[in-house]
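Here is what each chain is made of, one letter per residue.
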Number of protein chains: 2
Amino acid sequence: MEPNVKAREAAKTIDALITPSLLLDRGRLERNVQRLAERARKLGVVLRPHMKTAKSIDVARGVFPREPGAITVSTIAEAEYFAGHGFRDMTYAVGMSPVSAKRAMEICRRTGADVKLLLDSVEQADALADVRETTGVTPSVFIELDCDDHRGGLKPDDPRLLEVAERVVAAGAKLVGVLAHAGESYGLSTPDALVEAAENERSATVRAAETLRAHGHACPIVSLGSTPTAHFAQKLEGVTELRAGVYMFFDLVQHGVGVCTIDDIAISVLATVIGAKPEKGWVLVDAGWMALSRDRGTANQQLDQGYGVVCDEKGRVLEDVVVSQASQEHGILAIRNGSGKSMPELPVGTRIRILPNHACAMAAQHDFYSVINGESPEIEARWERIRGW
Amino acid sequence: MEPNVKAREAAKTIDALITPSLLLDRGRLERNVQRLAERARKLGVVLRPHMKTAKSIDVARGVFPREPGAITVSTIAEAEYFAGHGFRDMTYAVGMSPVSAKRAMEICRRTGADVKLLLDSVEQADALADVRETTGVTPSVFIELDCDDHRGGLKPDDPRLLEVAERVVAAGAKLVGVLAHAGESYGLSTPDALVEAAENERSATVRAAETLRAHGHACPIVSLGSTPTAHFAQKLEGVTELRAGVYMFFDLVQHGVGVCTIDDIAISVLATVIGAKPEKGWVLVDAGWMALSRDRGTANQQLDQGYGVVCDEKGRVLEDVVVSQASQEHGILAIRNGSGKSMPELPVGTRIRILPNHACAMAAQHDFYSVINGESPEIEARWERIRGW
């Protein structure tokens, strides 16, 4: 596939890009990154961005222009990649298995990084003794909390919290704190509900930390976050750090939750019109779910955005045009149900941009970003992404 | 990421694999490939397999053990890859744009391959003159037919059929035939309905070919296919070739349609248990939508399989256990709604396999297959996949 790669590398403007292609708007990215960094500063907490969305050292360098800071990762492959680029303080925010814990500690041993682990059971805590012995590294460990019935974690008042903490210590590992993720906040859509979810996440996490401290565990880190709660928390007393990932790019789901405007969304897929069915009001493009992902996160929101909102080649929204259906390499553009608009003229060969339901999922379908800025057709850079586990 | 890659390459058995990992059962693959090859032979048509599912030269070599044969591709990147591996007869089964047509013809010029194009409009036909002039290659062209209102294509009795054919010839391109895809057959679930859909696809395609022949176009190739109709067509008079892709691996959607059994499904994702919420009946694993895809193709079928059916490490189905929810790197296993079963014991560290809703989508989330055979833990080979456009 040499020639394709070369063609992409050579592209100086977006009209020279092969479609479908992933675009990243640098100005929007910088604005989004700045916005949450300022919030964290005002709230007096460390921001530990989650790299699961961007998966790119170039994006990370924009977030940390001076030197590598504290980050969150979703795979051991990410931990390895960012350790290779000088990051030393990482939280692997997925419950550990004995194997993933050993892989993480090997990275620590080799690079001097501190990859913190996550667990919520005595079985996992007990496994740490072998992890420590095998790798020669003392694991740093968070206990995962469940603040909203979203996924894993212990409730702050679960008696197992203390039991797990004791077993972590007994296994010779270092208990560094508690960690929560208010994942249910993605389902909210009013400022009041988001403020309440953020406060619930805060109070649950702080309560657990206090219980641990009352029993002799220092619990220095109190970590929480989700993109919605990070943007709506009014105070963060007792919290030491905030985690968020999708905030760098934003997407239609976050727009539906009320965290960003459409104009904040920093990634899109460039696509080409390949046909039409005027009798059905359809325009066909060469971006299907392979390029957009199968994510339909707005399906249960007030405004269903189909497989994405359609913009013209410069990124200006085509009002009420969405990707209504997607097969592997085909997208069908149509006017949103109930709209009075009619489909604009989009002859074969026309290029459009499609905004994501879910930025993490759309970006994962691509190997690199073509970096642009606003309506300019110029491609400023090509930034690689990593994948795999 | 060297060490990860090495760890994977070194894996001789599935317990040495990093999870999540994509497994491919060679025995099932061979059986599925054999089954449709025999059908095509009996029906007297050429089988032109679609490589969009497997995207792997190793899988293609299994389908064509003697020498490269006729294939279908879904991206120009696939055309380039398979041309580089000696394939000469390819159909790019996505409507052409002027740019994709030129890229395809460049491959033909460089390798001597014949990459056939697809179109359904006079605009596309007119663009062929420039494609021919710029690349020095005479494009071979199919007219796309619409037999079931699924996507693109002209109805067989649309007067534009003849107009498009004339414009293809006028542009100096070669009209090689007509092509249909009964995509709506994925929504069916009874043998009678599938037989009817297959006959409808056949008769529509043959009718269009006859119209073209009556007006002096030879129309040598009459191409149709979808995995369901390919397996249910009772006769294929007038048809010259059959296309199908997902039949090599099969999946839960095809099982729901009634084309395969669960035991025919050749790919799965190996995952590790990382936690549990006994009070909710949940077991958490390290395979979320990043490994499984967001595809929920069974959601509208009679039996909703969630994000996939769960098997033990050897591939034996755990009755009524499905992946009920998925986030980026987390899957939640639960007992299917309405089942009387209870969740089996699955301690942290246990390995399981997850069968796909949609094989094309699950496989696309991975860079390689670990090839196994049945219940044996041995990994016979590592087969790379390609991606991109």
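Residues numbered from 1 in each chain as written. Chains lettered and ligands numbered in written order. Predicted model: local features only at pLDDT ≥ 70, side-chain atom pairs only at ≥ 80, totals over all residues. Heavy atoms only, no water.

Caption draft 1: Highlighting the relation of the copies chain B and chain A. Under the fitted operation, chain B is carried onto chain A by 0.0 Å of movement along the axis and a turn of 180°, and the coordinates agree to an RMSD of 0.0 Å. Given the turn and translation reported, the copies of this chain are related as if by a two-fold rotation axis. Looking at the rotation axis and the C-alpha trace of chain B, the residue lying nearest is Arg 294 of chain B, at 2.5 Å. Here 100% of the contact residues of chain B are again contact residues in chain A; the copies associate through an equivalent surface. (Least-squares fit on C-alpha atoms with pLDDT ≥ 70 in both. Contact = heavy atoms within 4.5 Å.)

Caption draft 2: A look at the packing of aromatic side chains. Counted by the stated rule, this structure contains 8 aromatic pairs over all chains. Relative to Phe 87 of chain B, the ring of Phe 82 of chain B lies with its centre 5.6 Å away and its plane at 85°, an arrangement referred to as edge-to-face. Each residue in the set Phe 64, Tyr 81, Phe 82 and Phe 87 of chain A is aromatic and connected to the rest through ring pairs, giving one cluster. When the ring centre of Phe 368 of chain A is taken as reference, the NZ or CZ atom of Arg 382 of chain A above it lies at 3.8 Å. (Phe/Tyr/Trp six-rings, centres within 6.5 Å; stacked < 30°, edge-to-face > 60°. Lys NZ or Arg CZ within 6 Å of the ring centre and 35° of its normal.)

Caption draft 3: Expanded view of the interface of chain B and chain A. Of the residues lining the interface, 65 residues belong to chain B; the matching set on chain A comes to 65 residues. Interface area for chain B against chain A, summed over the two sides, is near 5,300 Å², with a carbon-plus-sulfur share of 55%. Along the contact surface separating chain B from chain A lie 8 salt bridges. In this structure, Arg 387 of chain B engages Asp 367 of chain A in a salt bridge whose closest nitrogen and oxygen atoms are separated by 2.7 Å. Elements supplying a minimum of two residues to the side of chain B that touches chain A: α1 (2–10), α4 (76–84), α5 (98–111), β10 (267–277), β11 (282–285), α11 (289–292) and α12 (359–364) of chain B. Its residues assigned to classes, the side of chain B that touches chain A shows 25 nonpolar, 21 polar and 19 charged. (Buried area = accessible area lost by both parts, 1.4 Å probe. Salt bridge = Lys/Arg side-chain N within 4 Å of Asp/Glu carboxyl O. Helix = DSSP H or I, 4+ residues; strand = E, 2+ residues; numbered from the N terminus. Nonpolar A, V, L, I, M, F, W, Y, C, P; charged D, E, K, R; others polar.)

Caption draft 4: The pattern of salt bridges, seen in detail. One pass over the full model with this rule turns up 60 salt bridges over all chains. One salt bridge in this structure joins Asp 149 of chain A and Lys 155 of chain A, with 2.9 Å as the shortest N-O distance. Note on Asp 149 of chain A: relative accessible area 39%, which makes it partly exposed. For Lys 155 of chain A, a relative accessible area of 30% gives the class partly exposed. Where Asp 295 of chain B meets Arg 294 of chain A, a salt bridge forms, and the shortest distance between an N and an O atom there is 2.8 Å. (Buried < 20%, exposed > 50% of the residue type's maximum accessible area, 1.4 Å probe, protein only.)

Caption draft 5: The arrangement of the pairing of strand β4 (residues 89–92) of chain B in detail. Residues and elements named next belong to chain B. Sheet topology note: the strand β3 (residues 71–73)/β4 ladder contains 3 bridges and is parallel. Paired with Ile 71 across the two strands is Met 90, which belongs to β4. Both β4 and strand β5 (residues 114–119) contribute to a ladder of 3 bridges, which runs parallel. Its bridge partner being in β5, Thr 91 is matched across the sheet by Lys 116. What joins β4 to β5 is α5, and the crossover it makes is right-handed. (Pairing = 2+ DSSP bridges. Right-handed = clockwise from strand over helix to strand, strands pointing away.)

Caption draft 6: Region of the structure containing the UniProt feature "domain: D-serine dehydratase-like" (unreviewed entry) in chain A. UniProt records the feature "domain: D-serine dehydratase-like" (unreviewed entry) at residues 266–373 of chain A, using the numbering of this structure. In residues 266–373 of chain A, the share of helix is 9% and the share of strand is 41%. The end C-alpha atoms are 9 Å apart. (UniProt positions renumbered as here; feature names shortened; annotations may be inferred.)

Caption draft 7: Molecular detail of the pairing of strand β1 (residues 21–25) of chain B. Residue and element names in this part refer to chain B. Most of β1 sits out of view: 5 of its 5 residues are buried. Neither face of β1 is open: one carries Ser 21, Leu 23 and Asp 25, the other Leu 22 and Leu 24, and all of them are buried. Inspection of the sheet shows β1 paired to strand β16 (residues 368–372) by 3 bridges, in the parallel sense. The residue of β16 that forms the bridge with Leu 24 is Val 371.

Caption draft 8: Just helix α8 (residues 191–214) of chain A, in detail. All names here are of chain A. The end-to-end C-alpha separation of α8 is 34 Å, in line with the 34 Å expected for 24 residues at 1.5 Å each. Of all the positions in α8, only Leu 194, Ala 197, Ala 198, Glu 201, Arg 202, Ala 204, Thr 205, Val 206, Ala 208, Ala 209 and Leu 212 are classed as buried. Looking at the buried positions of α8, the neighbouring elements they touch are β6 (140–145), α7 (160–170), β7 (174–180), β8 (221–224), α9 (227–232) and α10 (252–257). Of the residues trailing α8, Gly 216 is marked for its positive phi of about 90°. (Expected span 1.5 Å × (residues − 1).)

Caption draft 9: Seen up close, the environment of Gln 124 of chain A. Within the secondary structure layout, Gln 124 of chain A lies in helix α6 (residues 122–135). Each C-alpha atom, one on Gln 124 of chain A and one on Ala 101 of chain A, is 9.6 Å from the other, the two residues being 23 residues apart in sequence. Once residues lying within four places of it in the same chain are set aside, the contact partners of Gln 124 of chain A are Gly 95, Met 96, Leu 118 and Leu 119 of chain A together with Ile 274 and Val 348 of chain B. In terms of polar contacts, Gln 124 of chain A uses its side chain to reach the backbone amide nitrogen of Asp 120 of chain A, at 3.0 Å. (Polar contact = N/O pair within 3.5 Å; in protein donor to acceptor, adjacent residues only side chain to side chain.)

Caption draft 10: Spotlight on the environment of Asp 89 of chain A. Residues and elements named next belong to chain A. Checked against the element boundaries, Asp 89 lands in strand β4 (residues 89–92). Residues within four places of Asp 89 in sequence aside, it is in contact with Arg 48, Gly 69, Ala 70, Ile 71, Asp 114 and Lys 116. A polar contact is formed between the side chain of Asp 89 and the side chain of Arg 48, at a distance of 3.0 Å. A distance of 2.4 Å separates polar atoms of two side chains, one belonging to Asp 89 and the other to Lys 116.

Caption draft 11: Geometry of the side chain of Arg 48 of chain A. Residue and element names in this part refer to chain A. Here Arg 48 shows up in the loop between β2 (46–47) and α3 (57–63). Polar side-chain contacts of Arg 48 include one of 3.1 Å to the backbone oxygen of Ile 71. Beyond its immediate stretch of four places on either side in the chain, Arg 48 contacts Ala 70, Ile 71, Thr 72, Asp 89, Met 90, Thr 91, Lys 116, Glu 241, Leu 242, Arg 243 and Ala 244.

Caption draft 12: Summary view of the sheet that holds strand β9 (residues 241–242) of chain A. All names here are of chain A. The strand order across the open sheet formed by 8 strands is β2-β9-β8-β7-β6-β5-β4-β3, and the pairing between neighbours is parallel. Two strands in the sheet have a free side with no partner beyond their single neighbour: β2 and β3 (71–73). The strands that α7 touches are β5 (114–119), β6 and β7; relative to β6, the one it contacts most, it runs at about 170°. (Axes fitted to C-alpha atoms, helices over the stretch in contact; angles between N-to-C directions.)

Caption draft 13: Representation of the sheet that holds strand β6 (residues 140–145) of chain B in the model. All names here are of chain B. In space, the 8 strands of this open sheet follow the order β2-β9-β8-β7-β6-β5-β4-β3, with parallel pairing throughout. At either end of the open sheet lies a strand with only one pairing partner, and these are β2 (46–47) and β3. Strands β5, β6 and β7 (174–180) of the sheet are contacted by helix α7 (residues 160–170), whose axis makes an angle of about 170° with β6.

Caption draft 14: Molecular detail of the domain arrangement of chain A. Residues and elements named next belong to chain A. Assigned domains within chain A: domain 1 (2–22 + 260–384) and domain 2 (26–248). Measuring from the centre of the C-alpha atoms in domain 1 to the corresponding centre in domain 2 gives 33 Å. Contacts between domain 1 and domain 2 engage 17 residues on the former and 18 residues on the latter. Considering only the surface of domain 1 that becomes buried against domain 2, Asp 264, Cys 360 and Trp 383 emerge as the three largest contributors, covering 36% of it. Where Glu 380 meets Arg 26, a salt bridge forms, and the shortest distance between an N and an O atom there is 2.5 Å. Seen at the junction of domain 1 and domain 2, the total is 9 residue pairs in polar contact (both at pLDDT 80 or more). Contributions of two or more residues to the side of domain 1 that touches domain 2 are made by α12 (359–364), β16 (368–372) and β17 (381–384). Of the residues that constitute the side of domain 1 that touches domain 2, the class distribution is 11 nonpolar, 2 polar and 4 charged. (Domains from an automatic or database assignment.)

Caption draft 15: Representation of unusual backbone geometry in the model. A cis amide bond links Thr 19 of chain A with the next residue in sequence, Pro 20 of chain A, at an omega value of -5°. Positive phi is not limited to glycine here, since Asp 149 of chain B has a value of about 60°. Within the secondary structure layout, Asp 149 of chain B lies in the loop between β6 and α7. Of note, the phi angle at Asp 320 of chain B is positive, near 70°, even though the residue is not glycine. Within the secondary structure, Asp 320 of chain B is located in strand β13 (residues 317–326).

Caption draft 16: Summary view of helix α2 (residues 26–43) of chain B. Residue and element names in this part refer to chain B. Helix length check: α2 (18 residues) gives 26 Å between terminal C-alpha atoms against 26 Å at 1.5 Å per residue, within 8%. Along α2, the residues that are buried comprise Arg 28, Leu 29, Asn 32, Val 33, Leu 36, Ala 40 and Leu 43. Down the axis of α2, the buried set is contained in an arc of 130°. They therefore lie on one face. Looking at α2, the residues exposed on the side facing more than 90 degrees away from the buried face are Arg 41 and Lys 42. Elements in contact with the buried residues of α2: β1, β2, α3 (57–63), α9 (227–232), β9 (241–242) and β17 (381–384). Taking the backbone nitrogen of Gly 27 as reference, a side-chain oxygen 3.0 Å away marks Asp 25 as the first, capping residue of α2. One or two steps after α2, the chain reaches Gly 44, where phi turns positive at roughly 75°. (Arc of directions from axis to C-beta.)

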